[in-house]
Number of protein chains: 4
Amino acid sequence: MTSQSDIDALNSRLQDAAPRDIMQEALQGFERVALSFSGAEDVLLVHFAARMDPKPQIFTLETGRLHPATLRFLDKVRSHYGLQIEMLYPDGKALEKLVSSKGLFSFYEDGHEECCGIRKVEPLRRKLATVDAWITGQRRDQSPSRLDVPLVELDGANAAPGSQLLKFNPLANWTSSQVWETIRLLEIPYNPLHDQGYISIGCEPCTRPVGPGQHEREGRWWWEEATIKECGLHRSNLADPDA
Amino acid sequence: MTSQSDIDALNSRLQDAAPRDIMQEALQGFERVALSFSGAEDVLLVHFAARMDPKPQIFTLETGRLHPATLRFLDKVRSHYGLQIEMLYPDGKALEKLVSSKGLFSFYEDGHEECCGIRKVEPLRRKLATVDAWITGQRRDQSPSRLDVPLVELDGANAAPGSQLLKFNPLANWTSSQVWETIRLLEIPYNPLHDQGYISIGCEPCTRPVGPGQHEREGRWWWEEATIKECGLHRSNLADPDA
Amino acid sequence: MTSQSDIDALNSRLQDAAPRDIMQEALQGFERVALSFSGAEDVLLVHFAARMDPKPQIFTLETGRLHPATLRFLDKVRSHYGLQIEMLYPDGKALEKLVSSKGLFSFYEDGHEECCGIRKVEPLRRKLATVDAWITGQRRDQSPSRLDVPLVELDGANAAPGSQLLKFNPLANWTSSQVWETIRLLEIPYNPLHDQGYISIGCEPCTRPVGPGQHEREGRWWWEEATIKECGLHRSNLADPDA
Amino acid sequence: MTSQSDIDALNSRLQDAAPRDIMQEALQGFERVALSFSGAEDVLLVHFAARMDPKPQIFTLETGRLHPATLRFLDKVRSHYGLQIEMLYPDGKALEKLVSSKGLFSFYEDGHEECCGIRKVEPLRRKLATVDAWITGQRRDQSPSRLDVPLVELDGANAAPGSQLLKFNPLANWTSSQVWETIRLLEIPYNPLHDQGYISIGCEPCTRPVGPGQHEREGRWWWEEATIKECGLHRSNLADPDA
């Protein structure tokens, strides 16, 4: 078992490490480790993984509501890097129940939690139950709820009962600018929606382009309060995760 | 049991009937009867159903690859007519298996049958096992494979083992022009993709707008032969359905 | 001087001629003859002209309000056929006067005649004053006002004072289907707007895509009466051209 | 005559003035003063002008190649503020000469100077010959060539022979963020292209959206060197304006 003080020590040691080194730490430290790829600028982590590991575990939550352009991009990444990307689908029965009763856009009425619960959280936990650590593209500058994202953390919210799960956030200390400079420098393929005003990219009905000078988080779940804009994947980021 | 000669008699009797009357026949003749709604111009049948039955059974195959505009349109129809539309989802496990191994666009390589099988045929049959008759928007003028679509037929391809299933095609004798004149006359809401060059509308990667003078079927599975452009729902239309 | 009975004889003689032969007649019969190219499916005539004449006179009314896609298409045609296409611009002073007082969209309020007058009719007449005949892509099936378009006619409306002007309409007898089959058969480049639901293409604010089963003329000046949808270029088509 | 030392004194005095105060200075100091409105975020200056002056002189260079969305926005501003916006058009003859010989996209081959010369510079100088001062939306943070833009300057490049012309740049000291915060705070209408990834907006073929972390100037004349990206209106910004 990794204790919180082990985590603290790891965070201290990695504090000035480059994202690549933090990923390396995760990929080498665990046999069962998977990278979560959303189809947005976290493609940078896919690029790193492809160079470090001949067969990295990479998964995407294919919610059934991604932009067609994102699906095409996911497939492009797959063939560009010659990688397998595991697509995780929501449970059809749960979807039928929600959508047949409330329609396809209930989240605009009563919040995104129920829909994200079925389309993202459940498939994610199913996957995370099979690994000891996962890697995400979270950054502190992404949102008010991510200001304290550490490089490494114990992920109690997503750990299977009786198990321990570590979460690595190799880009936590990086800014959007750093990520994008690196993507452009390394000529990494990126989601074409980024050239149409989109910064953060999630499900199509819950993502929109942002205008000049707007924060990227204004492009997600814009009808809800800024402080609770987490889809449940990173729910431990919220001060009161049960709120 | 309805015999083929009963069907023949029914077809003779309905030969000059209006689509509304054919629908009436189906809705009144069967307690367990459902209307298949694709999100395209078969909205005309939804309109009729809403006027004939306080609570018609209507379902849509929500394949997970429909255009975002189609999903919005489905929801608009639902609220416009105050109807419930049952959304049928594919099995998540089957999708994961297909897509994780072959990617999200394998149909461009080895044909649409495998993908349609998971996303359309299986959910449809699951649904049809619960009814005695279903109603579709098929028309003879839609495709070379639909030239002989009757008003009523026994649907052996989709019947559950040991059961009988009737399929009503109330628009079989109508032309595209008749359908559209009626939609415009009755000011029925329609999928906005129809104003962007789309005639036939199915899954996003397998549908495209057609140009002036092109047949609507050229907008579907255009990389395949015209004569086999059936998604499996109406497979009995094919001369050799096992081909 | 060509008399009306000469014209009648010519029309009789050409009645069953193919569009190519009618164009040939125009190109060979007059030294000063120009083809009007709108950037729509009349590209078929450009194709013919390019094969008949090493240096055909072709002009386009560049109104300043064409779709960006049309401008790109015009340039593509120019380079594809290695032709010069003369672009005719409206008078800047006249535009300034109209637009500074009435705004950029006055045609939606008081009709398209004033704007077309400046952006199309004046530049056209300036051009036509330098030729003895011109060639257009008009067809009888395009509009109620074009039902009687002849293959050849005297163009009194556009002739310079004291001059005679002939107008050839080589496609008058053809249908939209025939034009499009030929474009596709000969693999002639066409305006990509035709694949987005546009049939007739003119200025951007005065053109829109048409839906399935709609007549192409419903995509032009849709806020006005069908019977007066002529931009002034072909004003003699109207029963009472001064209406 | 205003001397350079008068200008220096004025700049010193206005150094910490708000954009509104600088505009006030221009509008009150000169009877013949005009505001240049490009259809982008300089709408902020239109907003200020509408509040300061019942009938401010505002002009736009309607190059004939603006986005249809920009033309619609210009008209919206006109009706929203109840203002007249003078549209300045290029000389039709000059356009015909350029475009008929070199095509509609020659700027991609031999640079934007020739086209901007006809579509922007000439109409601008024609206008500026009728005023003593003009007001622009230039900012120092817009481009490497604008790093030294002063609040007020003598505009030798655009002054008519024998005349003096002052140029006020009330936003020179502001950042893009300040401009956009103010636009959003005051709920000023803005060009919808800004919500599709566009930051700087000019002619359609010479403007493109920029991606996350890209500088706005990368969206203009991207095929040319960053240091010479001036359209000629503000040519005196270039170290060697004859370069």
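### A short note on the packing of aromatic side chains
Applying the stated criterion across every chain, the model contains 36 aromatic pairs over all chains. Judged by centre distance (5.3 Å) and plane angle (85 degrees), the ring pair of W180(A) and Y190(A) falls under edge-to-face. Separated by 10 residues along the polypeptide, W180(A) in helix α8 (residues 176-185) and Y190(A) in the segment after α8 bring together distant segments of the chain. Taking relative accessible area as the criterion, Y190(A) reaches 24% and is therefore assigned partly exposed. A ring pair is formed by W222(B) and W223(B), whose centres lie 5.1 Å apart and whose planes are at 90 degrees; its orientation type is edge-to-face. In this structure an aromatic cluster arises from ring pairing among F105(A), F107(A), Y108(A), W222(A) and W223(A). For R184(B), the ring lying beneath its charged end belongs to Y190(B), and the centroid distance is 5.9 Å. Seen from the ring of W221(D), R220(D) lies directly overhead, with NZ or CZ sitting 4.5 Å from the centre.

### Structural notes on the arrangement of the chains
Kept free of each other, chain A and chain C leave a smallest C-alpha distance of 18 Å between them. A gap remains between chain B and chain D, which never touch, and the nearest two C-alpha atoms on either side lie 18 Å apart.

### A word on the sheet that holds strand β5 (residues 152-154) of chain B
Residues and elements named next belong to chain B. Strand order across the open sheet formed by six strands is β3-β2-β1-β4-β6-β5, with mixed pairing between neighbours. Across the chains shown, the open sheet's two edge strands, defined by having one partner strand only, are β3 (86-88) and β5. Here the average twist between neighbouring strands, direction ignored, is 30 degrees. Taken together, the three bridges between strand β4 (residues 133-135) and strand β6 (residues 166-168) define a ladder with parallel strand orientation. Residue A133 lies in a different strand from β6, and its bridge partner there is L166. Running over the sheet, helix α1 (residues 4-14) touches β5 and β6 and is turned about 170 degrees from β5. Relative to strand β2 (residues 57-61), helix α7 (residues 113-128) is tilted by about 160 degrees, and along the sheet it contacts β1 (33-36), β2, β3 and β4.

### Topic: the interface of chain A and chain B
Accessible area lost when the parts come together is the quantity often used to give the size of an interface. Chain A puts 30 residues into the contact, and the matching count from chain B is 30 residues. Summing both partners gives a buried area of about 2400 Å² for chain A against chain B, and 53% of it is carried by carbon and sulfur. Looking at the side of chain A facing chain B, the largest losses of area belong to Y89(A), S100(A) and L104(A), adding up to 23% of the total buried there. Our enumeration of links across chain A and chain B arrives at four salt bridges. In this structure, the salt-bridge partner of R72(B) is E204(A), at a minimum N-O distance of 2.9 Å. Our count for the contact surface shared by chain A and chain B stands at 14 residue pairs in polar contact (both at pLDDT 80 or more). Looking at the side of chain A that touches chain B, the elements with two or more residues in it are α4 (68-81), β3 (86-88), α5 (92-102) and α7 (113-128) of chain A.

### Examining the sheet that holds strand β6 (residues 166-168) of chain D
All names here are of chain D. With mixed pairing, the six strands of this open sheet are ordered in space as β3-β2-β1-β4-β6-β5. Across the chains shown, the open sheet's two edge strands, defined by having one partner strand only, are β3 (86-88) and β5 (152-154). Neighbouring strand axes in the sheet, compared pairwise and without regard to direction, differ in orientation by 30 degrees on average. Where β5 lies against β6, three bridges are found, and the strand directions are antiparallel. Within the sheet, the bridge partner assigned to E153 lies in β6 and is K167.

### Description of the relation of the copies chain D and chain A
Both copies of the chain are related by a screw-like operation: a rotation about an axis and a shift along it. Superposing chain D onto chain A takes a rotation of 180 degrees combined with a translation of 0.0 Å along the rotation axis, leaving an RMSD of 0.0 Å. Here the two chains are linked by the operation of a two-fold rotation axis. Using C-alpha coordinates, one finds that chain D approaches the rotation axis most closely at G197(D), a distance of 1.7 Å. Looking at chain D, 100% of its interface residues are interface residues in chain A too, so the copies touch through the same face.

### Section: the pattern of salt bridges
For the structure shown, the criterion picks out 56 salt bridges over all chains. Linking R78(A) and D75(A) is a salt bridge whose minimum nitrogen-to-oxygen distance equals 3.6 Å. Of the two residues, R78(A) and D75(A) are both situated in helix α4; the distance of three residues between them amounts to about one turn of the helix. Take R78(A): its relative accessible area is 21%, and that puts it in the partly exposed class. Residue D75(A) is classed as buried on the basis of its relative accessible area of 15%. The residue E25(B) makes a salt bridge to R13(B) at a minimum N-O spacing of 2.7 Å.

Quick notes on the rules
Residues numbered from 1 in each chain as written. Chains lettered and ligands numbered in written order. Predicted model: local features only at pLDDT ≥ 70, side-chain atom pairs only at ≥ 80, totals over all residues. Heavy atoms only, no water. Phe/Tyr/Trp six-rings, centres within 6.5 Å; stacked < 30°, edge-to-face > 60°. Helix = DSSP H or I, 4+ residues; strand = E, 2+ residues; numbered from the N terminus. Buried < 20%, exposed > 50% of the residue type's maximum accessible area, 1.4 Å probe, protein only. Lys NZ or Arg CZ within 6 Å of the ring centre and 35° of its normal. Contact = heavy atoms within 4.5 Å. Pairing = 2+ DSSP bridges. Axes fitted to C-alpha atoms, helices over the stretch in contact; angles between N-to-C directions. Buried area = accessible area lost by both parts, 1.4 Å probe. Salt bridge = Lys/Arg side-chain N within 4 Å of Asp/Glu carboxyl O. Polar contact = N/O pair within 3.5 Å; in protein donor to acceptor, adjacent residues only side chain to side chain. Least-squares fit on C-alpha atoms with pLDDT ≥ 70 in both.

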